[in-house]
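Chain and residue survey
This is what each chain is made of:
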Amino acid sequence: MYLIRSCMVFYKYFLLTYSLLSSTEYLSVMVHLSSFLLKKYHGGHVVIRLALGGATNRPFYRIVAAYNKWARDSKYIEQLGSYDPLPNIHNEKLVAFNYERIKYWIACGAHTTKPVAKLLGLAGFFPLHPMTITEAERRQKAALTEEVKMDRQEQVEQKEAL
Amino acid sequence: MATFSFTRCLVRSYFCVKCVDHVQTRLQTTASRSSKYSKSQFTDTEVQDILTKITGLDLKKVFQPIRQQLTPPKYKLMTDTELEEAVRKAEEQAKHLLKMPPVLPERKPVNDVLSEDQMLEGMGTAKYVFTDINFNVPHRERFIVVREPSGTLRKATWNERDRIIQVYFPKEGRKITPPPIFKEENLRVVFEQDRHEDVLNQCVVQFEPDSAEFKNVMEIDVHGKYDLLRSTRFFGGLAWHLVNGRRIDGLLVDMLQSDLMQDAVRLVRLFNLVHPQSESAQHAQRQQATDLDLLKIYAQYESNRAGFIELAVQTYEQTKALSSF
């Protein structure tokens with residue numbers, strides 16, 4: 001009885017994975033054939049995330065809508081933009097977003113990862129991410145303490161010189 | 001292969017023409033509204049008519065051999081009617097190639113600040129430039145926004161916009177940084193070598209028609225050598241620029257010397273259209289003058305080389321009288 005039911009389950013999942021994946025949010029299963037009999041699979045979801053490309057010591061990110069469980073740099077549903085983390089000659093970091101399609105995927109229930117949410121916040125599309133503000137504050141504090149340290153060092157040096 | 005490279009050359013020249021055409025049609029609607037009460041604008045039908053007629057249609061010059069890959073010439077055997085057909089088609093194509101790059105008012109600098117967030121002060125040392133890469137949006141309406149290290153979110157300046165649109169939507173022939181030929185010293189050298197046309201073609205491809213650099217290059221044009229540009233698509237723009245600056249004497253003299261009386265008359269008519277308050281225009285309207293009388297009136301009131309123009313008009317009348325005998 002259990003065998004028949006598991007065979008039916010296997011067949012259903014087999015069909016679903018090999019049929020064309022529709023653009024609805026809940027993916028039915030990434031089948032790991034070894035343990036399909038025992039495990040219960042959670043549905044995946046679509047994420048908008050950064051896929052790393054480029055070369056050694058030269059990263060380049062593509063902003064991509066992909067299913068959660070897929071590998072970071074491999075298959076994706078759609079490319080929504082790009083992000084170049086290294087500044088160019090004019091001291092600019094170029095980021096491209098296809099806002100129309102991002103709106104569409106978010107309307108379909110896609111999640112965004114933290115770096116994408118930060119970038120969108122900086123762009124003005126999302127509200128500013130709290131971590132952006134926190135990091136900025138931390139850097140300001142660090143810069144202040146650096147200044148204080150440098151001043152003290154200078155004072156000490158001046159005293160020694162006298 | 002030969003046809004491919006030929007069509008590629010045509011497509012290349014059409015590409016810049018197409019883009020320019022698009023901008024012209026967009027701005028024509030706004031220009032035509034204001035022309036009733038002020039002097040004639042570049043886009044008026046009458047003005048355009050005059051300018052196209054002055055430009056002329058020298059087929060040999062328009063279809064001058066462009067530097068391209070060498071292919072053996074093609075010979076065709078045609079009847080007389082077929083030959084006429086071919087010439088007519090060539091003329092149509094030439095008219096298309098002679099479409100003038102529009103003379104537009106210089107674009108106003110962009111200074112919009114979308115938000116100021118002082119709390120992001122220590123964020124980093126580089127700016128972030130965010131572009132909207134949606135394909136359906138026209139380039140003029142694209143959102144290109146810059147987040148400075150000080151935290152302000154502002155719209156990108158025109159130079160930044162041009163550069164970044166070229167990065168994401170590259171146009172053939174355009175470079176990201178303008179090539180050094182457009183610097184002043186280099187321009188002078190090139191004009192000395194009489195290569196106005198090449199530079200102007202490159203300028204049309206590289207810059208938008210309403211950018212400051214485009215206008216600078218157009219203005220540095222040398223005035224003595226009108227023949228170089230006579231049957232190209234820049235002649236209209238040149239004529240318009242001279243008329244606006246009231247410096248058409250040189251061009252008039254040149255036309256009279258090459259026996260282009262009708263063109264000279266049209267030029268003076270254009271001048272009267274553009275400067276309706278000038279003396280020559282008022283006199284002409286009062287007397288309802290046509291053709292050579294227009295020239296005489298202009299020579300009398302406005303020009304610096306009155307003597308030469310009157311002399312030329314007289315010789316023309318004499319030759320006409322002689323030839324009619």
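Residues numbered from 1 in each chain as written. Chains lettered and ligands numbered in written order. Predicted model: local features only at pLDDT ≥ 70, side-chain atom pairs only at ≥ 80, totals over all residues. Heavy atoms only, no water.

On the surface, Glu147, Asp151, Glu154, Glu157 and Glu160 of chain A cluster together into a negatively charged patch. Position of glutamate 147 of chain A relative to the elements: it lies in helix H4 (residues 130-161). (Patch = residues over 30% accessible without salt bridge, like charges linked within 9 Å, V, L, I, M, F, W, Y side chains within 5 Å. Areas by Shrake-Rupley, 256 points an atom, 1.4 Å probe, with all protein chains shown as cover. Salt bridge = Lys/Arg side-chain N within 4 Å of Asp/Glu carboxyl O. Lys, Arg positive; Asp, Glu negative; His and termini not counted. Charge placed at Lys NZ, Arg CZ, Asp CG, Glu CD. Helix = DSSP H or I, 4+ residues; strand = E, 2+ residues; numbered from the N terminus.)

As for its placement among the helices and strands, arginine 163 of chain B is situated in helix H5 (residues 158-168). Among residues more than four places away in sequence, those in contact with arginine 163 of chain B are Asn88, His90 and Glu92 of chain A together with Ile176 of chain B. (Contact = heavy atoms within 4.5 Å.)

Reading across the sheet, the 9 strands line up as S5(A)-S1(A)-S2(A)-S3(A)-S4(A)-S2(B)-S3(B)-S4(B)-S1(B) and stay open at both edges, with mixed pairing between neighbours. The open sheet has two edge strands with one neighbour each: strand S5 (111-112) of chain A together with strand S1 (113-116) of chain B. Two elements, strand S1 (residues 46-55) of chain A and S5 of chain A, share 2 bridges in a ladder whose sense is parallel. Bridge pairing links valine 47 of chain A to histidine 111 of chain A in S5 of chain A. The strands touched by helix H2 (residues 99-107) of chain A within the sheet are S1, strand S2 (58-67), strand S3 (78-83) and strand S4 (92-97) of chain A together with strand S2 (127-132) of chain B, with S3 of chain A carrying the most contacts at an inclination of about 125°. H5 of chain B rests against S3 and S4 of chain A together with S2, strand S3 (144-147) and strand S4 (152-155) of chain B of the sheet, and its axis sits at about 60° to S4 of chain A. (Pairing = 2+ DSSP bridges. Axes fitted to C-alpha atoms, helices over the stretch in contact; angles between N-to-C directions.)

For the rest of this paragraph, the subject is the packing of aromatic side chains. By the definition in use, this model includes 10 aromatic pairs over all chains. Seen in terms of ring centroids, phenylalanine 97 of chain A and tyrosine 99 of chain A are 5.8 Å apart; in terms of plane orientation they differ by 40°. Their pairing is tilted. (Phe/Tyr/Trp six-rings, centres within 6.5 Å; stacked < 30°, edge-to-face > 60°.)

All names here are of chain B. At a minimum axis distance of 8 Å, the contact between helix H11 (residues 249-257) and helix H12 (residues 261-274) shows a crossing angle of 160°. One way to sum up the angle between H11 and H12 is to call them roughly antiparallel. Between H11 and H12 lies a crossing of left-handed hand. Residues Leu251, Leu252, Met255 and Leu256 of H11 form the contact with H12, whose participating residues are Met261, Asp263, Ala264, Leu267 and Val268. Considered class by class, the residues forming the contact of H11 with H12 number 8 nonpolar, no polar and 1 charged. (Parallel < 35°, antiparallel > 145°, perpendicular 65-115°, else oblique. Left-handed = near helix turned anticlockwise from the far one by under 90°. Nonpolar A, V, L, I, M, F, W, Y, C, P; charged D, E, K, R; others polar.)

Residue and element names in this part refer to chain A. End to end, H4 covers 47 Å across 32 residues, agreeing with the expected 46 Å (1.5 Å per residue, within 8%). The set of residues buried in H4 consists of Thr132, Ile133 and Ala136. As for H4, its buried residues are in contact with helix H3 (114-123). (Expected span 1.5 Å × (residues − 1). Buried < 20%, exposed > 50% of the residue type's maximum accessible area, 1.4 Å probe, protein only.)

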